[in-house]
Amino acid sequence: MNKLRTGAFHTGMILLSLLWLGPVLWVVVMSTRSFDDIAAHGVGSLPRSFTLDTYRQAWTDGGELRALINSMLVTVPSVALSLGLAAMAAFALSRFRIPGRRTILLLMLAGNLLPPQILLIPVAKFSELTGLYDTLWALIAVQVGFGLGFYTFVLHGFMRDLPGEIQEAATIDGAGTAQIFTRVMLPLTRPALAALGALSFTWIFNDLLWAITVLRTDDNMPVTPALLALQGQFVSSWNVIAAGTVIAAVPTVAVFLRFQRHFVSGLALGAVK
Amino acid sequence: MTATISTTSVTPTRRRRRSARLSPLLVAFVLVPFAVESVWVFWPALQGFWFSVTRWDGMTPPTFVGTDNYVELAGDATFRGALINTVIWLVLFGGLSVLGGFGMALVLQKERRFVGFYRAALFTPVVFSLVVTALVWRVFYQPDGIADTLLRAVGLEHLIRPWLADPQTALYAVILPALWRQIGYVMVLFLAGLKAIDPALHEAARMDGANAWQRLRHVTIPQLKGVNAVVLSVIVIDSLRSFDIVWSLTKGGPYHSSELLSTYMYSTAFQSLRLGYASAIAVVIFVLALAVILGYLVRAFREEA
């Protein structure tokens, strides 16, 4: 009886896993098929050809290389800046008796919970006004501004729970506020920073809405919107589109595999707080 | 979760004086991030409300028109359709991802052989962007794609249709990929919550003769109250924000059949260039999200207190 239940459990879960991984594998396989093969047998058939030329096409003709560079140029500074600023705010708000600290914290969190739609038009207009429209700077700025509230809130919760004695010992040893922040608090906050770093990397890298709101030129587009453009450019070349999809997914998958534990605990951090 | 434990240990240190006055550095630590968020979030949000009572094409300055935009919204059939679709989206996408995620978390909570693999499989799509997800599923829905091949294989070819191009099915064909990606995410949230439940509670309930269903009903679910609140808020906010997946699969079409408030707002603003009217749609989205945001903040406030 028990064996039967275990068997049923695994059979069910294998089928379910297949339902989740199958479509992904299908796309990976499709990216290595030739155009003629897909044209003759359709996207639903098993592969009868193998080529990697699709990746070259997506990479150079489709502009994925340029798009990936744009994505990194936006994502890396955005993650660093927003976590840095959020850590500063969280440190001050959690370890010092700043008047109105609770209101400030919740106001910042509330900003992150706003539906972005209410911000789109004003942000687009504001970036035109400041001359940042259609530059990666605008995208970095809005990603930092919009993410800050949530990161501050999570880091605040984490820093608040660190024992106060460490900070007092450092103060007695003559450390100033800046030193306590960089030498004591930041190292202790590393687990939370790693978790948020992995999460924010995927969020910012995967973003579509802000990119198409503050950018216009194709050459400036990060990889997510570029993937949509690729679809227009290679209308029925499903193999090239599939290759582009794989290229666009690789960086976040790499970050996830590298920071797996942080990633999952980061999601949980947001949930339990 | 840890708030109750930490407050007792924090109170004595709070009484001690930490710093007599605020150093300029600390003020900067708070003000700089706050200023950045003000410029890119708070100020734009306020402007958004102002634009919603104007007529504006983006070129000439906006002109005040009072409640005209909202009156027009009330009679706009596309808006009504988008509102209904958003509600359907909320119920189906939100409801099913909570049910599915919770179910998967229950099934996969015990450490046993291959459980790590199953969890990873369900979680994989979470790291993809919604545009990647959309393209993966586009292959599935293509004429002669996987869906059609599967239907033919089981002799149901009469059901075959252009899934994304048929107004009857477009909305549901878009919800499915969104669900596929969300279930793993919700599962992880619930797994974290389940892990935090004291096993002694289950042990005690079992001793008292509670069966599996009763333990779920009277131990697990009440213990998950905190996580439930977060998941519900996340789901509602995510549903109202949903844009990427619809935009990449159907752009709200055909004939607005998969239009959500978010996509309607975007196309009104940046394709029809009716910025005032689009702002009014954005305000409606904001109002729908407001109750959830307030609930979330009240909870956060209580925990911070």
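Residues numbered from 1 in each chain as written. Chains lettered and ligands numbered in written order. Predicted model: local features only at pLDDT ≥ 70, side-chain atom pairs only at ≥ 80, totals over all residues. Heavy atoms only, no water.

(A) Broad picture of unusual backbone geometry. The backbone phi angle of Asp134 of chain A is positive, close to 65°, even though this residue is not glycine. Of the residues examined, Asp134 of chain A reaches a relative accessible area of 18% and is grouped as buried. Its identity as a non-glycine residue notwithstanding, Phe114 of chain B has a phi of 70°, on the positive side. Its place among the elements puts Phe114 of chain B in the loop between α4 (77–107) and α5 (115–123). (Buried < 20%, exposed > 50% of the residue type's maximum accessible area, 1.4 Å probe, protein only. Helix = DSSP H or I, 4+ residues; strand = E, 2+ residues; numbered from the N terminus.)

(B) Focus on the UniProt feature "transmembrane region" (unreviewed entry) in chain A. Residues and elements named next belong to chain A. The UniProt entry lists residues 7–29, 68–92, 104–124, 136–158, 193–215 and 235–257 under the feature "transmembrane region" (unreviewed entry), expressed in the numbering used here. Annotated as 100% helix and 0% strand, the span residues 68–92 places its first and last C-alpha atoms 36 Å apart. The distance separating the terminal C-alpha atoms of residues 235–257 is 32 Å; by composition the span is 87% helix and 0% strand. (UniProt positions renumbered as here; feature names shortened; annotations may be inferred.)

(C) Structural view of the side chain of Glu259 of chain B. Residue and element names in this part refer to chain B. Mapping Glu259 onto the fold places it in the loop between α12 (244–249) and α13 (261–270). It turns out Glu259 is buried and unbridged, and the closest side chain with the opposite charge, Lys251, is 11 Å from it. The contact partners of Glu259, leaving out residues within four places of it in the chain, are Gly81, Ala82, Asn85, Lys251, Gly252 and Tyr264. (Lys, Arg positive; Asp, Glu negative; His and termini not counted. Salt bridge = Lys/Arg side-chain N within 4 Å of Asp/Glu carboxyl O. Contact = heavy atoms within 4.5 Å.)

(D) Broad picture of the nonpolar core. Counting 186 residues, the largest nonpolar core has Phe91, Leu109 and Leu119 of chain A together with Trp89, Phe190 and Met265 of chain B as its most contacted members. Split by domain, the residues of this core number at least three in each of domain 1 (2–54) and domain 2 (62–272) of chain A. Other than its neighbours up to four places away in sequence, Leu119 of chain A contacts Leu114, Phe146 and Trp210 of chain A together with Trp40, Val41, Pro44 and Ala45 of chain B. (Core = buried A, V, L, I, M, F, W, Y, C linked by side-chain atoms within 4.5 Å. Domains from an automatic or database assignment.)

(E) Structural detail: the UniProt feature "domain: ABC transmembrane type-1" (unreviewed entry) in chain A. Under the local residue numbering, the UniProt record ascribes the feature "domain: ABC transmembrane type-1" (unreviewed entry) to residues 68–259 of chain A. Spanning residues 68–259 of chain A, this segment combines 81% helix with 0% strand, and its end C-alpha atoms are found 20 Å apart.

(F) Spatial organisation of the interface of chain B and chain A. The partner chain A presents 97 residues to the 96 residues of chain B that form the contact. Each partner contributes to the roughly 8,900 Å² buried at the junction of chain B and chain A, and carbon and sulfur atoms together form 76% of this total. Our count for the contact surface shared by chain B and chain A stands at zero salt bridges. Put simply, chain B and chain A have 10 residue pairs in polar contact (both at pLDDT 80 or more) between them. In terms of residue count, helix α2 (residues 24–51) of chain B provides more of the side of chain B that touches chain A than any other element does, 19 residues in total. In the side of chain B that touches chain A, the residues fall into 67 nonpolar, 16 polar and 13 charged. (Buried area = accessible area lost by both parts, 1.4 Å probe. Polar contact = N/O pair within 3.5 Å; in protein donor to acceptor, adjacent residues only side chain to side chain. Nonpolar A, V, L, I, M, F, W, Y, C, P; charged D, E, K, R; others polar.)

(G) Representation of the domain arrangement of chain A within the structure. All names here are of chain A. What the domain assignment lists for chain A is domain 1 (2–54) and domain 2 (62–272). The distance between the C-alpha centroids of domain 1 and domain 2 comes to 33 Å. Of the roughly 710 Å² buried at the junction of domain 1 and domain 2 (both faces included), carbon and sulfur atoms supply 78%. Scanning the region where domain 1 abuts domain 2 turns up one residue pair in polar contact (both at pLDDT 80 or more). No other element matches helix α1 (residues 2–30), which puts three residues into the side of domain 1 that touches domain 2. When its residues are assigned to classes, the side of domain 1 that touches domain 2 shows six nonpolar, three polar and one charged.

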